[in-house]
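So you can see what is in the structure, the chains are spelled out below.
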Amino acid sequence: MEIITDIAPLRARLRHEASVAFVPTMGNLHAGHLSLVRIAQKHASCSVVSIFVNRLQFAPHEDFDRYPRTWSDDCRLLEEQGADIVFMPDEKTLYPVPQEFQLLLPPVADTLEGACRPGFFRGVTTVVLKLFNIVQPHVAVFGEKDYQQLQVVHRMVDQLNLPVEIIAGETVRDEDGLALSSRNNYLDATQRQEAGELAHHLKQIRDSIASGERDFPLLEQLVAEKLSKRGWVVDYVAVRQQHTLLPVAASDSSLVILGAAWLNQTRLIDNFLLTLP
Ligand code: PAF
């Protein structure tokens, strides 16, 4: 495995590859990331993983400074996984001048995460577009855990005619259902015990809808109340249409149940897909 930190050597190294599959990450890798790398490896002759904690997608009060940076462990895991290249640029390499050019985002970026974290998707799309331009992958793999991010990236690729195929990797979960996330590392033992409740309650909504319940606002409200009673501070619990992330219409059969909530200082997000017959 090669570790490359600059753009020119990366481009030179990739120039003669028949096909390149790319997994962008912010590091602190876990089994969820490694499952994305395995998908990448099946789709191209060369797999590239980037590790870059992207300041642009964090608001000033968010956790940019304390975001876990575990680069030597990350490289060891990627080596064991058989990744071909790790691209680890520093901030000066990716943002040598203030990043003035940014994208005007589609409505799918305004709701849910976009509403709770203004500027987040602008930061994500900026860095992902830059990384796509640098790596020029044939395929890029994103986790379904960040479901709205996946939809926003899909729109960007479609509407800007980027020559890359986006592949979604399923969310990897711990035994109690907690979706793997680098931010789980912030949880103490008691919070970690509680953390599985987010997935548990979102799944309850999915199961109720699958059993015929159609009062979505009521289901959302009941789960938000249950989580609040357990000590969570809920940003949203929402049943939405999978593609647009708009509220569900009677004719929609592809649904996603999404939630974001705080356990003390840690914000967790999760989602479950449901396709109605
Ligand atoms: O999902 C993430 O880890 C980040 O948002 C991404 C896609 C690597 C962009 O910084």
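Residues numbered from 1 in each chain as written. Predicted model: local features only at pLDDT ≥ 70, side-chain atom pairs only at ≥ 80, totals over all residues. Heavy atoms only, no water.

Below, the discussion takes up the nonpolar core. Side chains of nonpolar character tend, in soluble globular proteins, to be buried together. Leu-10, Leu-14, Val-48, Phe-132, Val-135, Phe-142 and Ile-166 are the most contacted members of the largest nonpolar core, which totals 44 residues. Per-element accounting of this core gives the leading share, ten residues, to helix 6 (residues 120-135). Not counting the four nearest positions on each side in its chain, Phe-142 is found in contact with Pro-24, Leu-36, Val-128, Phe-132, Gln-149, Leu-150, Val-153, Ile-166, Ile-167, Ala-168 and Gly-169. (Core = buried A, V, L, I, M, F, W, Y, C linked by side-chain atoms within 4.5 Å. Buried < 20%, exposed > 50% of the residue type's maximum accessible area, 1.4 Å probe, protein only. Helix = DSSP H or I, 4+ residues; strand = E, 2+ residues; numbered from the N terminus. Contact = heavy atoms within 4.5 Å.)

This brings us to the packing of helix 1 (residues 7-14) against helix 6. Packing of helix 1 against helix 6 brings their axes to within 9 Å, and their N-to-C directions diverge by 50 degrees. The angle between helix 1 and helix 6 places the two elements in the oblique class. Only Asn-133, Ile-134 and Val-135 of helix 6 make contact with helix 1, whose side of the interface consists of Ile-7, Leu-10, Arg-11 and Leu-14. In terms of residue class, the contact of helix 1 with helix 6 is built from five nonpolar, one polar and one charged. (Axes fitted to C-alpha atoms, helices over the stretch in contact; angles between N-to-C directions. Parallel < 35°, antiparallel > 145°, perpendicular 65-115°, else oblique. Nonpolar A, V, L, I, M, F, W, Y, C, P; charged D, E, K, R; others polar.)

Let's shift gears to the site of the ligand. Taken together, Pro-24, Thr-25, Met-26, Asn-54, Gln-57, Val-124, Val-127, Phe-142, Asp-146 and Gln-149 make up all the residues around the ligand. Contact distances for the ligand include 2.7 Å between an oxygen atom and a side-chain N or O atom of Gln-57. Contacts to the ligand include Gln-149, whose side-chain N or O atom sits 2.7 Å from an oxygen atom. Coverage of the ligand by the protein amounts to 89% of the 290 Å² it exposes when considered alone. Class assignment for the residues of the shell around the ligand results in five nonpolar, four polar and one charged. (Near = heavy atom within 4 Å. Polar contact = N/O pair within 3.5 Å; in protein donor to acceptor, adjacent residues only side chain to side chain. Areas by Shrake-Rupley, 256 points an atom, 1.4 Å probe, with all protein chains shown as cover.)

In spatial order, the strands read 1-4-3-2-5-6; together these six strands make up an open sheet with parallel pairing. Strand pairing shows two members of the sheet lacking a second neighbour, strand 1 (2-4) and strand 6 (165-169), which therefore form its edges. Along the sheet, successive strands turn relative to each other by an average axial angle of 25 degrees, direction set aside. Across two bridges, strand 2 (residues 20-25) lies against strand 5 (residues 139-143) in parallel orientation. Pairing of Phe-22 across the sheet is with Ala-140, part of strand 5. Across the sheet, helix 1 is in contact with strand 1, strand 2, strand 3 (46-51) and strand 4 (85-87); its angle to strand 4 comes to roughly 155 degrees. Running at roughly 165 degrees to strand 3, helix 3 (residues 71-81) makes contact with strand 1, strand 3 and strand 4 of the sheet. (Pairing = 2+ DSSP bridges.)

A few words on the pairing of strand 5. Counted residue by residue, strand 5 has five buried out of five residues, so it is predominantly covered. Side-chain alternation along strand 5 places Val-139, Val-141 and Gly-143 on one buried face and Ala-140 and Phe-142 on a second face that is also buried. Note: strand 5 against strand 6, five bridges, orientation parallel. Bridge assignment links Gly-143 to a residue of strand 6, and that residue is Gly-169. For the segment spanning strand 5, helix 7 (residues 147-159) and strand 6, crossover handedness is right-handed. (Right-handed = clockwise from strand over helix to strand, strands pointing away.)

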